Amino acid sequence: AQTVTQSQPEMSVQEAETVTLSCTYDTSESDYYLFWYKQPPSRQMILVIRQEAYKQQNATENRFSVNFQKAAKSFSLKISDSQLGDAAMYFCAYRSAETSYDKVIFGPGTSLSVIP
Amino acid sequence: GAVVSQHPSWVICKSGTSVKIECRSLDFQATTMFWYRQFPKQSLMLMATSNEGSKATYEQGVEKDKFLINHASLTLSTLTVTSAHPEDSSFYICSAPPIGPRTQYFGPGTRLLVL
């Protein structure tokens with residue numbers, strides 16, 4: 001079974017600075033997707049960034065980028081120029097690509113605080 | 001982008017009553033929907049996979065007779081918490097992948113409080 005681990009329950013960052021959230025996962029599959037989701041106080045899940053395992057190039061979305069190390073099964077999220085609105089819970093997630101409609105497995109989450 | 005709605009967004013009920021939560025895909029069809037439960041300060045835990053036209057698949061440890069799932073159409077799945085107890089109080093979230101694209105969309109969640 002696949003598992004997702006986030007070793008940082010809480011993180012904080014100064015506004016305008018950069019922060020990196022860690023994530024590791026375990027799987028025996030070769031084809032899968034990795035995600036970072038943001039959950040603000042409203043609790044609506046928001047997709048931040050997505051990475052296909054077959055792509056070597058790291059995904060980027062504006063201020064958000066990932067460092068995907070497939071061999072190490074590591075998938076960290078870097079937030080640049082942190083803003084107050086970035087404060088939220090961040091979940092790393094895994095989904096198999098070997099079936100069409102597979103479930104998403106979430107890590108335990110990292111609570112990010114942004115200090116003005 | 002695609003939208004998933006949930007109703008109600010917030011429900012309070014007495015212990016022993018049943019509560020139905022609806023999950024709708026508003027602008028796409030979904031043969032599969034997923035139901036998650038999230039306790040305070042915890043992650044989302046998958047409860048079950050809802051399949052249109054067939055029985056739901058439950059995760060280990062989830063009581064199928066307590067959490068009834070019906071996927072009646074390609075746009076609607078319902079979760080019924082039967083004989084709810086205070087320990088069932090939680091935040092319930094559904095998600096749905098559209099046919100074709102590999103992205104999943106999450107509903108806004110339903111807060112359940114059982115007194």
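Caption draft 1: A look at the overall build of chain B. On a plain count of helices and strands, chain B comes out with 0 helices and 11 strands. Listed N to C, the secondary structure of chain B is β-β-β-β-β-β-β-β-β-β-β in terms of helices and strands. Whereas a compact globule of 115 residues would reach a radius of gyration of roughly 13 Å, chain B reaches 13 Å, a difference of no more than 12%. For chain B, the spread of C-alpha atoms along the principal axes amounts to about 40 × 25 × 20 Å. Looking at chain B residue by residue over its 115 residues, the buried ones come to 51%. For chain B, the proportion of contacts with a sequence separation of at least 24, taken over those separated by at least 6, is 54%. Of the roughly 5500 Å² of accessible surface on chain B, a fraction of 53% belongs to carbon and sulfur atoms. Seen as two clouds, the 10 positive and the 8 negative side-chain charges of chain B have centres 3 Å apart.

Caption draft 2: Inspection of the nonpolar core at higher detail. Counting 26 residues, the largest nonpolar core has Tyr25, Trp36, Phe75, Leu77 and Tyr90 of chain A as its most contacted members. The set of elements that each furnish at least two residues to this core consists of strand E3 (19–21), strand E5 (32–39), strand E6 (46–52), strand E8 (64–69), strand E9 (74–79), strand E10 (88–96) and strand E12 (110–115) of chain A. For this core, the element with the most residues is E10 of chain A, which contributes 4 residues. Core analysis: the next-biggest nonpolar cluster, separate from the first, contains 24 residues, Ala48, Ala56, Val81 and Cys94 of chain B among them.

Caption draft 3: The arrangement of the sheet that holds strand E1 (residues 4–7) of chain B in detail. All names here are of chain B. Spatially, the 4 strands line up as an open sheet ordered E1-E3-E8-E7, and their pairing is antiparallel. Edge strands, defined here as strands with exactly one partner in the open sheet, are E1 and strand E7 (67–73). Each neighbouring strand pair of the sheet contributes to a mean axis angle of 15°, computed without reference to strand direction.

Caption draft 4: Highlighting the interface of chain B and chain A. Taken together, the contacts link 24 residues of chain B with 22 residues of chain A. Across the interface of chain B and chain A, roughly 1900 Å² is buried in total on both sides, 48% from carbon and sulfur atoms. At the boundary of chain B with chain A, the tally comes to 1 salt bridge. In this structure, lysine 103 of chain A engages glutamate 59 of chain B in a salt bridge whose closest nitrogen and oxygen atoms are separated by 3.2 Å. Inspection of the region where chain B meets chain A yields 6 residue pairs in polar contact (both at pLDDT 80 or more). For the side of chain B that touches chain A, the secondary-structure elements that each account for two or more residues are strand E4 (32–38) and strand E9 (90–96) of chain B.

Caption draft 5: Up close: a nonpolar patch on the surface. Taken together, Trp10, Ile12, Leu113 and Leu115 of chain B make up a surface patch of nonpolar side chains, about 420 Å² in accessible area. The topology assignment puts leucine 115 of chain B in the segment after strand E11 (110–114).

Caption draft 6: Here's a closer look at the confidence of the model for chain B. With 95% of its residues at a pLDDT of 70 or more, chain B has an overall mean of 92. Mean pLDDT in chain B bottoms out at strand E10 (residues 105–106) of chain B, which sits at 92, and peaks at E11 of chain B, which reaches 97.

Caption draft 7: Structural context of the state of the cysteines. Residues and elements named next belong to chain B. Under the criterion given, the structure shown has 2 disulfides over all chains. The cysteine cysteine 13 is free of any disulfide, with cysteine 94 supplying the nearest cysteine sulfur at 19 Å. In this structure cysteine 13 comes out as buried when scored by relative accessible area, which is 9%.

Caption draft 8: Main features of unusual backbone geometry. All names here are of chain B. Note that the residue after histidine 7, namely proline 8, is joined by a cis bond; omega there is 0°. Looking at the secondary structure, you find proline 8 in the loop between E1 and strand E2 (10–13). One non-glycine residue, lysine 41, lies in the positive phi region at around 60°. Within the secondary structure layout, lysine 41 lies in the loop between E4 and strand E5 (45–51).

Caption draft 9: The arrangement of the pairing of E5 of chain B in detail. Residue and element names in this part refer to chain B. In terms of residue burial, E5 counts as a mostly covered element, since 6 of its 7 residues are buried. As paired strands, E4 and E5 are joined by 6 bridges and run antiparallel to one another. Within the sheet, the bridge partner assigned to tryptophan 35 lies in E5 and is alanine 48. Where E4 folds back onto E5 in an antiparallel hairpin, the turn is made up of 6 residues, including lysine 41, whose phi is positive at roughly 60°.

Caption draft 10: Inspection of the environment of aspartate 31 of chain A at higher detail. Residues and elements named next belong to chain A. Counting through the fold element by element, aspartate 31 comes out in the loop between strand E4 (24–26) and E5. Taking relative accessible area as the criterion, aspartate 31 reaches 28% and is therefore assigned partly exposed. Sequence-wise, aspartate 31 and serine 96 are 65 residues apart; in three dimensions their C-alpha atoms are separated by 6.6 Å. Sequence-distant contacts of aspartate 31, that is, excluding residues within four places in its chain, are made with Tyr54, Ser96, Ala97 and Glu98.

What counts and what doesn't
- Residues numbered from 1 in each chain as written.
- Chains lettered and ligands numbered in written order.
- Predicted model: local features only at pLDDT ≥ 70, side-chain atom pairs only at ≥ 80, totals over all residues.
- Heavy atoms only, no water.
- Helix = DSSP H or I, 4+ residues; strand = E, 2+ residues; numbered from the N terminus.
- Rg over C-alpha atoms; globule rule 2.2 N^0.38 Å.
- Buried < 20%, exposed > 50% of the residue type's maximum accessible area, 1.4 Å probe, protein only.
- Contact = heavy atoms within 4.5 Å.
- Areas by Shrake-Rupley, 256 points an atom, 1.4 Å probe, with all protein chains shown as cover.
- Lys, Arg positive; Asp, Glu negative; His and termini not counted.
- Charge placed at Lys NZ, Arg CZ, Asp CG, Glu CD.
- Core = buried A, V, L, I, M, F, W, Y, C linked by side-chain atoms within 4.5 Å.
- Pairing = 2+ DSSP bridges.
- Axes fitted to C-alpha atoms, helices over the stretch in contact; angles between N-to-C directions.
- Buried area = accessible area lost by both parts, 1.4 Å probe.
- Salt bridge = Lys/Arg side-chain N within 4 Å of Asp/Glu carboxyl O.
- Polar contact = N/O pair within 3.5 Å; in protein donor to acceptor, adjacent residues only side chain to side chain.
- Patch = residues over 30% accessible without salt bridge, like charges linked within 9 Å, V, L, I, M, F, W, Y side chains within 5 Å.
- pLDDT = per-residue confidence, 0-100.
- Disulfide = S-S within 2.5 Å.

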